[in-house]
Amino acid sequence: MSELIIDNLAVEVGGKEILSDVSLSIRSGEVHAVMGPNGAGKSTLSNAIMGRAGYTVTSGSVTLDGIDLLALETFERAKAGLFYVMQAPTEVPGVRMADMLNASLVSAGTGITDMPAALAAEASSIGFDVALLDRSLNVDLSGGEKKRSETIQMSVLNPKIAIIDELDSGLDVDGLRTVAARVEKLTHDGLGVLVITHFPRLLAELSADKVHVLAQGRIMTTGGPELATELERTGYGAYAEAEPETKKRPEIDDPFFL
Ligand code: ADP
Ligand code: MG
């Protein structure tokens, strides 16, 4: 049993506080969905957990099975068992997927005997053209192909916890269903997932244990899967309009304050 614990996390980007007081914990086999309006800080949360440069944690902690992830470099966080599917996955010219995965597995002290066969099986199970496996990692792939490519990598690397930022971006309805079903299967083998999405239909295949609404850099509410369905009906208006704590009337009489 693994557990990722995010406790009271605050994150700054470019000197501006984007997230404050975010707490979440995800155990093996659980799926937590984070939903929220554009600009709420969902990708900032993922980037901060994975240690992307420019995302400064100003308070709080992130641990995986007791290991302080914030003290580690990004590659060490991956080695500890974290996998991150970025909203827009990075292209890596000159590096083939098989070579990257072999190097990662060796560095984690494991390996796979027949990588080409494993990749071909994963690719065909989610409708990824096997001819694309020989390309440089993610280079010149469509948005949907990139999400499939990342899903193949995740399946082969077998992480403890995956953070998946907008799996739905780039995938058509059928693609989304297939890829979400593959991730769901991984959760049955013990993968814990934090999935960022706008679409309750993703959660039809990848069933969420908890749904969190992130707006204005804070978790506004947490519920079960029914919350996702309700959000589709109501939108995020109520959460987006809640008065942020920083928007208090200034002490001085400011005629431009709205
Ligand atoms: P979401 O993923 O919820 O749409 P983001 O986390 O991408 O939101 O963005 C939250 C806020 O942080 C936005 O105002 C965005 O402009 C800002 N932000 C995020 N990343 C950066 C960055 N690298 N540089 C500058 N601003 C950023
Ligand atoms: Mg985002």
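See the structure above.
Reference entry: report on the structure contained in this document. Bear in mind that the values here come from a model prediction, so they are computed numbers and not experimental data. (Residues numbered from 1 in each chain as written. Chains lettered and ligands numbered in written order. Predicted model: local features only at pLDDT ≥ 70, side-chain atom pairs only at ≥ 80, totals over all residues. Heavy atoms only, no water.)

1. Here we look at unusual backbone geometry
Residues other than glycine seldom take positive phi values, yet Asn-138 does so here, at roughly 65°. By secondary structure assignment, the location of Asn-138 is in the loop between β8 (136-137) and α5 (143-157). The backbone phi angle of Asp-140 is positive, close to 60°, even though this residue is not glycine. Mapped onto the elements of the fold, Asp-140 is located in the loop between β8 and α5. (Helix = DSSP H or I, 4+ residues; strand = E, 2+ residues; numbered from the N terminus.)

2. Brief notes about the site of ligand 1
As a matter of local geometry, ligand 1 sits amid Val-13, Ile-18, Pro-37, Asn-38, Gly-39, Ala-40, Gly-41, Lys-42, Ser-43, Thr-44 and Tyr-55. A distance of 3.0 Å is found between an oxygen atom of ligand 1 and a backbone nitrogen or oxygen belonging to Gly-41. Considering ligand 1 on its own, with 550 Å² of exposed area, one finds that the protein chains cover 58% of that surface. No other element matches the three residues that helix α1 (residues 42-50) contributes to the shell around ligand 1. Looking at side-chain class alone, the shell around ligand 1 contains five nonpolar, five polar and one charged residues. (Near = heavy atom within 4 Å. Polar contact = N/O pair within 3.5 Å; in protein donor to acceptor, adjacent residues only side chain to side chain. Areas by Shrake-Rupley, 256 points an atom, 1.4 Å probe, with all protein chains shown as cover. Nonpolar A, V, L, I, M, F, W, Y, C, P; charged D, E, K, R; others polar.)

3. Considering the coordination of the magnesium ion (ligand 2)
Around the magnesium ion (ligand 2), the protein contributes the donor atoms Ser-43 (OG) and Gln-87 (OE1), which lie 2.1 to 2.3 Å from the metal centre. Of this pair, Ser-43 sits in helix α1 while Gln-87 sits in the loop between β6 (82-85) and β7 (92-96), placing them 44 residues apart in sequence. (Donors = N, O, S within 2.8 Å, 3.2 Å for Na, K, Ca; no water.)

4. Brief notes about the side chain of Thr-151
Along the polypeptide, Thr-151 turns up in helix α5. One polar contact links the side chain of Thr-151 to the main-chain carbonyl oxygen of Lys-147, over a distance of 2.7 Å. Residue contacts for Thr-151: discarding those within four places in its chain leaves Ile-126, Leu-167, Val-179, Arg-182 and Val-183. (Contact = heavy atoms within 4.5 Å.)

5. Let's talk about the pairing of strand β10 (residues 192-196)
In terms of burial, β10 is a largely internal element, five of the five residues being buried. Of the two faces of β10, the one carrying Gly-192, Leu-194 and Ile-196 and the one carrying Val-193 and Val-195 are both buried. Where strand β9 (residues 161-165) meets β10, five bridges bridge the pair, whose relative direction is parallel. Opposite Asp-165, over in β10, you have Ile-196 as the bridge partner. As a crossover connection, the stretch from β9 through helix α6 (residues 173-188) into β10 is right-handed. (Buried < 20%, exposed > 50% of the residue type's maximum accessible area, 1.4 Å probe, protein only. Pairing = 2+ DSSP bridges. Right-handed = clockwise from strand over helix to strand, strands pointing away.)

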